[in-house]
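This is what each chain is made of:
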Amino acid sequence: MAKARLSYQDTGVDGPALLLVHGFPLSSEMWRPQLETLGGRRRILAPDLPGFAGSEPAPDPLVVTMDYYADALAELLVDLGIDSVALGGLSMGGYVALAFWRRHPAAVDALILADSRAEADGPEAIAKRSAQQKQIRTGGTEDLIPQLLDGLLGATTKDQRPAIKESVRGLMAHPAEGYIGALEAMKNRPDSTGDLPGITVPTLLVVGDQDGLTPIELTRYMHEHIAGSQMVVIPEAGHLSNLEAPEAFTAAVAGFLGELERA
Ligand code: MLT
């Protein structure tokens, strides 16, 4: 398949890079708190997946897979002359990170999986995603956005952080092909649970304690199956733990990367 042209943010600091992959249906802008704080001290690359923000969509959204996303990121690293990165992904970004690990393990120095899961979609989730694709084809994304937004945020954010809710809503405007492609990739993604024991790089697992989409047990499962992994639960945060509790999230990531550098 032709190479996808990706838009990305790059803090350009010297030294090892941290590549952060966004969740659905967001963009590299979801990493704004980490770009602004941690990005001054280390190189953060935050790409937009094909079909999101400024990145070119796939030629046909129905051919989009997690492998397609992973290969697009690997090509970006080649273009930038980067051999390997610490690779982090939130939710769908975590599904991409697991695909990247399977396909390009030599390019992964460490893994960060936030508010994600190793399991594939079950029949109910697949049917829901197919219905969402149909809804987008007929009526666009407008009606879907409030429903998705409600699931992404934890109770504390919904009650007490209206500015965060509005800024997340602002990150959800993307072309229909981007949405349809990501839904296709998510519903067809393989089960990754069998890969977990083979993950040999240092791994940090992060989850918000109010995450209703990928509840804590799913992260605990990954923690139990990835040898030596660290698990951090972020208080008062939902599925978008990096945005809902940015200080705690960034501290967990900075602590993990700092330990790696000292090792
Ligand atoms: C995400 O945040 O990327 C999505 O909620 C993941 C999913 O729907 O499985």
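Structure's up top.
Residues numbered from 1 in each chain as written. Predicted model: local features only at pLDDT ≥ 70, side-chain atom pairs only at ≥ 80, totals over all residues. Heavy atoms only, no water.

Novice: Give a detailed account of the overall build of the protein, specifying residues and quantitative values.
Specialist: Check the secondary structure of the protein and you find eleven helices and seven strands. By the compact-globule yardstick of 18 Å for 263 residues, the protein fits well, its C-alpha radius of gyration being 17 Å. Its C-alpha atoms give the protein principal-axis dimensions of roughly 55 × 45 × 35 Å. Here the protein holds 263 residues, and 54% of them are scored as buried. For the protein, the share of sequence-separated contacts (at least 6 apart) that also reach a separation of at least 24 residues comes to 77%. For the protein, the exposed area adds up to about 10800 Å²; of that, 52% sits on carbon and sulfur atoms. (Helix = DSSP H or I, 4+ residues; strand = E, 2+ residues; numbered from the N terminus. Rg over C-alpha atoms; globule rule 2.2 N^0.38 Å. Buried < 20%, exposed > 50% of the residue type's maximum accessible area, 1.4 Å probe, protein only. Contact = heavy atoms within 4.5 Å. Areas by Shrake-Rupley, 256 points an atom, 1.4 Å probe, with all protein chains shown as cover.)

Novice: Please provide a residue-by-residue account of the environment of Asp150, values included.
Specialist: Here Asp150 lies in helix 5 (residues 144-152). Expressed as a C-alpha distance, the spacing of Asp150 and Lys165, which sit 15 residues apart in the sequence, is 9.1 Å.

Novice: Residues and numbers for the packing of aromatic side chains, please.
Specialist: Overall, the coordinates contain three aromatic pairs when judged by the stated rule. For the ring pair Trp31 and Phe249, a centre distance of 6.2 Å and an interplane angle of 45 degrees mean the geometry is tilted. Here the residue Trp31 occupies a position in the loop between strand 2 (17-21) and helix 1 (32-37), and Phe249 occupies one in helix 11 (residues 246-262), the gap between them amounting to 218 residues. By relative accessible area, Phe249 is classed as buried at 3%. (Phe/Tyr/Trp six-rings, centres within 6.5 Å; stacked < 30°, edge-to-face > 60°.)

Novice: Run through the environment of Val13, naming residues and quoting values.
Specialist: Topologically, Val13 is positioned in the loop between strand 1 (8-10) and strand 2. Spatially, the C-alpha atom of Val13 lies 7.8 Å from that of Ile44, the residues being 31 residues apart in sequence. Not counting residues up to four positions away in its chain, the partners in contact with Val13 are Gly39, Gly40, Arg41, Arg42 and Arg43.

Novice: How would you sum up the packing of helix 2 (residues 66-80) against helix 3 (residues 92-103)? Please name residues and give values.
Specialist: At a minimum axis distance of 8 Å, the contact between helix 2 and helix 3 shows a crossing angle of 70 degrees. Taken together, the axis directions place helix 2 and helix 3 in an arrangement best described as roughly perpendicular. Mapping the contact onto sequence places Met66, Asp67, Tyr69, Ala70, Asp71, Leu73, Ala74 and Leu77 in helix 2 and Met92, Tyr95, Val96, Ala99, Phe100 and Arg103 in helix 3. Residues belonging to the contact of helix 2 with helix 3 are distributed by class as follows: eleven nonpolar, no polar and three charged. (Axes fitted to C-alpha atoms, helices over the stretch in contact; angles between N-to-C directions. Parallel < 35°, antiparallel > 145°, perpendicular 65-115°, else oblique. Nonpolar A, V, L, I, M, F, W, Y, C, P; charged D, E, K, R; others polar.)

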